[in-house]
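Next come the chains, spelled out residue by residue.
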Amino acid sequence: MTQLGFYIVSDVHGYIFPTDFSHANQQLPMGLLYANQLIETSSKHDDIHFKIDNGDFLQGAPFCNYLVSKLQTSEPLTTIYNRLNFDFGTIGNHEFNYGLTYLNDTLQTLNYPVLCANILNSQHQPFTGEGVHYFEKGDLIVGVIGLTTQYIPNWEQPHHIEGLTFKSAVETLAQVLPNVRNKADIVVVSYHGGFECDVDTDVPTEDLTGENEASEILRRFHKSIDVLITGHQHRDIATVKYDTAVIQPGTRATQIGKVTLTIGDNNQIIDTQSELLPVVGDSKFSLLPEDAKLLTQLEDWLDTEITTLPEPMLVEDKFKARMKPHPLINLINVMLLENSGADIASTALFDSAAGFNTRITMREIINNYPFPNTFQVLKLTGAGIKNALEKSASYFALNDENEISINDAFLYPKPQHFNYDMYGGITYTIHVGEPIGQRVTDIKVGNEPLISDKTYTICVNNYRAVGGGNYNMFANAPVVKDIQEEGAQLLIDFITNNDLSNIPQVVNFKVQQ
């Protein structure tokens, strides 16, 4: 018998080091280098093992911002990945955030195949070069199919994905899986996408948009798939269903997905195990000198002072900061209104945001605006603005004690606080006790009531502008201005060139029962 181990990380988002970068000099139980130590220890018990990255490795952590904005190369990241000896990887949706040139340069420096069978170039071939790869381990053949969520055009800037075609993962498997199953003893599907239904009950847990197709993949193709790797949703999943190992190992390399197959003498699977291995602290862990030097340079860059504030804008309670106007949200919306000239602007409070103390460093800038969003000014009718406000208002719900809380749809299966926007240049009241779609009243733009058939301009980030977060009212709205500067840089420019002691109040809303 042979023990075959698969060790999977997904949605690492550039968290290589054991820190979340909220403060300097941390050593937390997280990060790819820590996770790799666990993989190396555990894999000693296997006869054959594979190390796999399931996508979203290129964007997210402040390290990624440092690479793209300061060094203008991902080579320090890919050097680490290459040194850790990954066997294969897949593409995540965030890989496209910095554009195709940066992504293609990254792929060319990796020393392992990155598989993506359902995103095709203009020659109708996998744009990464491969969609399927076969590994021969003695007389055992392992066939791997890489797939990515097809929903990327609904989020990404069009020029970042120009010339690419995004196919359904289900449709692609229907075409390629029979041939792989015929050639391989073991079939692995590595899918950077998640589950649209409850893994146990198959009841839909979200709108069936095609963003996540893992439930349909498992339902239709389980007889031909031995291992189904998933990601994108940052969930903790380890199970065996229909005799197929299913895994999703969270995010930031805080744990590892491990699948163990016991293979008989005729290359048949005798036993299947799926589990999550938590990354734990280790006082003996130390960085290699070259990694320590890179981290020191990164921390020094993050601690670069940008400016000072007369008063702090700290976010001490994120829920409260979404319930009533907060100085940070007001600052970002003032920045957007002044840069865009729009009537209205909107922004979300991101999970990493802690606000600003009186001394603002690059670390605070990136943690408060971590995504490489650019911005667009759209034309929208008053009715469309109302629909956008109602979409945001659906974030709230009343709990059993009749208290205002968060709608489960924004928490499960994946937290989506980034899909709750707060608006500047407009006043409004949200009545949480009213039905969804009928909650927002007392809407005024400036001092004038919102008029349904009047045209307004609104500044939103590029993710919203294409309808991201199911803000469909924005998807086909005319674009009147394109702001190609990213959010973090806009913030730096604004706070260094304006009097921060006299910021106008443009965010005015109430949330009540």
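Structure first, text after, so check above.
A short tour of the structure in this document, coming up.

**Considering the overall build of the chain**
Phase 1 of the analysis: Counting its secondary structure elements, the chain contains 14 helices and 29 strands.
Phase 2 of the analysis: For a compact globule of 513 residues, the expected C-alpha radius of gyration is about 24 Å, and the chain comes in at 24 Å, within 12% of that figure.
Phase 3 of the analysis: When its C-alpha atoms are laid out on the principal axes, the chain stretches across 80 × 50 × 50 Å.
Phase 4 of the analysis: In the chain, which comprises 513 residues, the proportion classed as buried is 58%.

**A short note on the packing of aromatic side chains**
Phase 1 of the analysis: Counted by the stated rule, this structure contains 26 aromatic pairs.
Phase 2 of the analysis: Ring geometry for Phe-96 versus Phe-166: centroids 6.0 Å apart, planes at 65°, classification edge-to-face. Residue Phe-96 is located in the loop between strand S3 (88–90) and helix H4 (100–109), and its partner Phe-166 is located in strand S8 (residues 165–166); the two are separated by 70 residues in the primary sequence.
Phase 3 of the analysis: With relative accessibility at 0%, the residue Phe-96 sits in the buried group.
Phase 4 of the analysis: Their ring planes at 80° and their centres at 5.2 Å tell us that Tyr-395 and Phe-410 sit as a pair that is edge-to-face. Pair noted here: Tyr-395 is in the loop between helix H11 (382–393) and strand S21 (396–398) and Phe-410 is in the loop between strand S22 (404–406) and strand S23 (421–424), with a separation of 15 residues, a long-range link. No difference in accessibility class separates Tyr-395 from Phe-410, as the two residues are buried.
Phase 5 of the analysis: An aromatic cluster is present here, built from Phe-319, Tyr-395, Phe-396, Phe-410 and Tyr-420 joined pairwise through their rings.
Phase 6 of the analysis: It is Lys-51 that lies over the ring of Phe-86; its NZ or CZ is 5.9 Å from the centre.

**Remarks on the packing of helix H2 (residues 62–71) against helix H7 (residues 289–302)**
Phase 1 of the analysis: The contact between H2 and H7 brings their axes to 10 Å, and the two run at 85°. By the criterion of interaxial angle, the relationship of H2 to H7 is roughly perpendicular. Taking contact as the criterion, the partners of Pro-62, Phe-63, Asn-65, Tyr-66, Ser-69 and Lys-70 in H2 are, on H7, Leu-294, Gln-297, Leu-298, Trp-301 and Leu-302.
Phase 2 of the analysis: Per-class residue counts for the contact of H2 with H7 are seven nonpolar, three polar and one charged.

**So, unusual backbone geometry**
Trans is the prevailing form of peptide bonds, just as negative phi is the prevailing case for residues other than glycine.
Phase 1 of the analysis: Cis geometry marks the peptide bond from Tyr-412 to Pro-413; its omega dihedral reads 0°.
Phase 2 of the analysis: With respect to the helices and strands, Pro-413 occurs in the loop between S22 and S23.
Phase 3 of the analysis: Within the chain, Ala-253 stands out as a residue other than glycine whose phi angle is a positive 55°.

**Remarks on the sheet that holds strand S6 (residues 132–137)**
Phase 1 of the analysis: Overall, mixed pairing links the six strands, which are arranged S6-S7-S9-S10-S12-S11 in an open sheet. The sheet terminates laterally at S6 and strand S11 (236–241), the two strands that pair on one side only. This sheet shows a mean twist of 15° between the axes of neighbouring strands, independent of strand direction.
Phase 2 of the analysis: By the bridge criterion, six bridges tie S6 to strand S7 (residues 140–148) in an arrangement that is antiparallel. By the bridge assignment, Lys-137 is partnered in S7 with Leu-140.
Phase 3 of the analysis: Packed on one face of the sheet, helix H5 (residues 169–183) meets S6, S7 and strand S9 (186–192) and runs near 170° to S7.
Phase 4 of the analysis: Across the face of the sheet, helix H6 (residues 214–221) comes into contact with S9, strand S10 (227–229), S11 and strand S12 (244–249) while running at roughly 170° to S10.

**A closer look at the nonpolar core**
Phase 1 of the analysis: In terms of nonpolar packing, the biggest core is built from 126 residues, with Phe-63, Tyr-81, Phe-96, Phe-127 and Tyr-428 touching the most fellow members.
Phase 2 of the analysis: The biggest single contributor to this core is helix H9 (residues 327–340), with eight residues.
Phase 3 of the analysis: Not counting residues up to four positions away in its chain, the partners in contact with Phe-96 are Ile-91, Leu-103, Ile-119, Phe-127, Ile-152, Glu-156, His-160, Ile-161, Leu-164 and Phe-166.
Phase 4 of the analysis: If you look at the next biggest cluster of nonpolar residues, it comprises 22 residues, including Ala-117, Val-180, Ala-214 and Val-246.

**As for the sheet that holds strand S2 (residues 48–53)**
Phase 1 of the analysis: Reading across from one edge, S4-S3-S2-S1-S13-S14 is the order of the six strands in this open sheet, with mixed pairing throughout. Only two strands of the sheet have a single neighbouring strand rather than two, namely strand S4 (114–115) and strand S14 (269–278).
Phase 2 of the analysis: Bridge count between strand S13 (residues 255–263) and S14: nine bridges; the pairing is antiparallel. Of the residues in S14, the one forming a bridge with Leu-261 is Thr-272.
Phase 3 of the analysis: Packed onto the sheet, helix H1 (residues 32–42) meets strand S1 (2–9), S2, S13 and S14 and runs at close to 20° relative to S13.

**Quick look at the packing of H9 against helix H14 (residues 487–497)**
When two helices pack together, their arrangement is given by the angle between their axes and by how far apart the axes lie.
Phase 1 of the analysis: Close contact between H9 and H14 brings their axes to 10 Å; oriented N to C, the two are set at 90°. With respect to H14, the element H9 is oriented roughly perpendicular. Together, Leu-331, Ile-332, Val-334, Met-335, Leu-336, Glu-338 and Asn-339 of H9 and Gly-487, Leu-490, Leu-491, Phe-494 and Ile-495 of H14 make up the contact between the two elements.
Phase 2 of the analysis: In terms of residue class, the contact of H9 with H14 is built from nine nonpolar, two polar and one charged.

**Quick word on the pairing of strand S24 (residues 426–431)**
Phase 1 of the analysis: Burial within S24 is extensive, with five of its six residues counted as buried.
Phase 2 of the analysis: Pairing of S24 with strand S25 (residues 440–445), which is carried by four bridges, proceeds in the antiparallel orientation. Of the residues in S25, the one forming a bridge with Thr-427 is Lys-444.
Phase 3 of the analysis: In terms of strand pairing, S24 meets strand S29 (residues 507–512) through six bridges, oriented parallel. Looking at S29, one finds that His-431 is bridged to Gln-512.

**Some points on H2**
Phase 1 of the analysis: All buried positions along H2 are accounted for by Pro-62, Phe-63, Cys-64, Asn-65, Tyr-66 and Leu-67.
Phase 2 of the analysis: Looking at the buried side of H2, the elements it contacts are helix H3 (75–83), H4, H7 and helix H10 (362–368).
Phase 3 of the analysis: A positive phi of about 60° marks Gln-72, the residue just after H2.

**Re the pairing of S25**
Successive residues of a regular strand alternate their side chains across the two faces of the sheet.
Phase 1 of the analysis: As defined by bridge partners, S25 adjoins strand S26 (residues 448–449) across two bridges and the pair is classed as antiparallel. Residue Lys-444 lies in a different strand from S26, and its bridge partner there is Pro-449.
Phase 2 of the analysis: In sequence, S25 turns back onto S26 through a hairpin of two residues, with Gly-446 there showing a positive phi of about 65°.

What counts and what doesn't
- Residues numbered from 1 in each chain as written.
- Predicted model: local features only at pLDDT ≥ 70, side-chain atom pairs only at ≥ 80, totals over all residues.
- Heavy atoms only, no water.
- Helix = DSSP H or I, 4+ residues; strand = E, 2+ residues; numbered from the N terminus.
- Rg over C-alpha atoms; globule rule 2.2 N^0.38 Å.
- Buried < 20%, exposed > 50% of the residue type's maximum accessible area, 1.4 Å probe, protein only.
- Phe/Tyr/Trp six-rings, centres within 6.5 Å; stacked < 30°, edge-to-face > 60°.
- Lys NZ or Arg CZ within 6 Å of the ring centre and 35° of its normal.
- Axes fitted to C-alpha atoms, helices over the stretch in contact; angles between N-to-C directions.
- Parallel < 35°, antiparallel > 145°, perpendicular 65-115°, else oblique.
- Contact = heavy atoms within 4.5 Å.
- Nonpolar A, V, L, I, M, F, W, Y, C, P; charged D, E, K, R; others polar.
- Pairing = 2+ DSSP bridges.
- Core = buried A, V, L, I, M, F, W, Y, C linked by side-chain atoms within 4.5 Å.

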